[in-house]
Amino acid sequence: IFKLLVTPLVVLLEYGLDGKMISFQRGLWLGWVCVFVWLSVQGDLEFSVLGTMWAAIWIPFAGLYKVQWARVRKMYGCSTLSLMHAVMPYAIALQLVIAPLMDPPGIRDYHWTPEAL
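Residues numbered from 1 in each chain as written. Predicted model: local features only at pLDDT ≥ 70, side-chain atom pairs only at ≥ 80, totals over all residues. Heavy atoms only, no water.

A. Representation of the nonpolar core. Core analysis: the biggest nonpolar cluster contains six residues, these being Val-6, Val-10, Leu-13, Ile-59, Ala-62 and Val-67. Within the residue set of this core, elements represented by two or more residues are helix 1 (6-18) and helix 3 (49-76). Excluding its chain neighbours within four sequence positions, the residues that come into contact with Leu-13 are Asp-18, Gly-63, Leu-64 and Val-67. (Core = buried A, V, L, I, M, F, W, Y, C linked by side-chain atoms within 4.5 Å. Buried < 20%, exposed > 50% of the residue type's maximum accessible area, 1.4 Å probe, protein only. Helix = DSSP H or I, 4+ residues; strand = E, 2+ residues; numbered from the N terminus. Contact = heavy atoms within 4.5 Å.)

What follows is the structure, encoded as structure tokens:
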């Protein structure tokens, strides 16, 4: 359900950072979509303090990422695909460095054998 909050946050961030406004009709449709998505997931909701904490940390970063991606794309006047082509090699290298630090408990202790793969 927290993922649903990213889109309204992106709209607010774009307004706050760039002064970009959406039309009333688009805002109305966005609101309706959010309400109906919220209603459709009512049976699947589970609450955990840890999950809520991580979601509250994740939402601002996800919103800022989406807004910044659009700003950089507009600044360089390129398509999303060409921007991905420029950014992805650096992002993959960064992930390869960070991934071992985010290792789930026990995966380094696993006995890796050709048969296990």
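Once the structure has been displayed, the description carries forward.
B. Region of the structure containing the pattern of salt bridges. With the rule as written, the count across this model stands at two salt bridges. As a salt-bridge pair, Asp-18 and Arg-71 come within 3.0 Å of each other at their nearest N and O atoms. Separated by 53 residues along the polypeptide, Asp-18 in helix 1 and Arg-71 in helix 3 bring together distant segments of the chain. For Asp-18, a relative accessible area of 41% corresponds to the partly exposed category. For Arg-71, a relative accessible area of 31% gives the class partly exposed. (Salt bridge = Lys/Arg side-chain N within 4 Å of Asp/Glu carboxyl O.)

C. Here's a closer look at a nonpolar patch on the surface. Together, Phe-24, Leu-28, Trp-29, Trp-32, Val-35, Phe-36, Trp-38 and Leu-39 make up an exposed nonpolar region whose accessible area comes to about 930 Å². As for its placement among the helices and strands, Trp-38 is situated in helix 2 (residues 24-40). The exposure class assigned to Trp-38 is partly exposed, which follows from its relative accessible area of 41%. (Patch = residues over 30% accessible without salt bridge, like charges linked within 9 Å, V, L, I, M, F, W, Y side chains within 5 Å. Areas by Shrake-Rupley, 256 points an atom, 1.4 Å probe, with all protein chains shown as cover.)

D. Helix 1, seen in detail. Taking 1.5 Å per residue as the helical rise, helix 1 with its 13 residues ought to reach 18 Å, and the 17 Å between its terminal C-alpha atoms agrees with that figure. All of the buried residues along helix 1 are Val-6, Val-10, Leu-13 and Glu-14. Buried positions in helix 1, seen along its axis, are confined to an arc of 100° and lie on one side of it. Away from its buried face by more than 90 degrees, helix 1 exposes Leu-12 and Gly-16. (Expected span 1.5 Å × (residues − 1). Arc of directions from axis to C-beta.)

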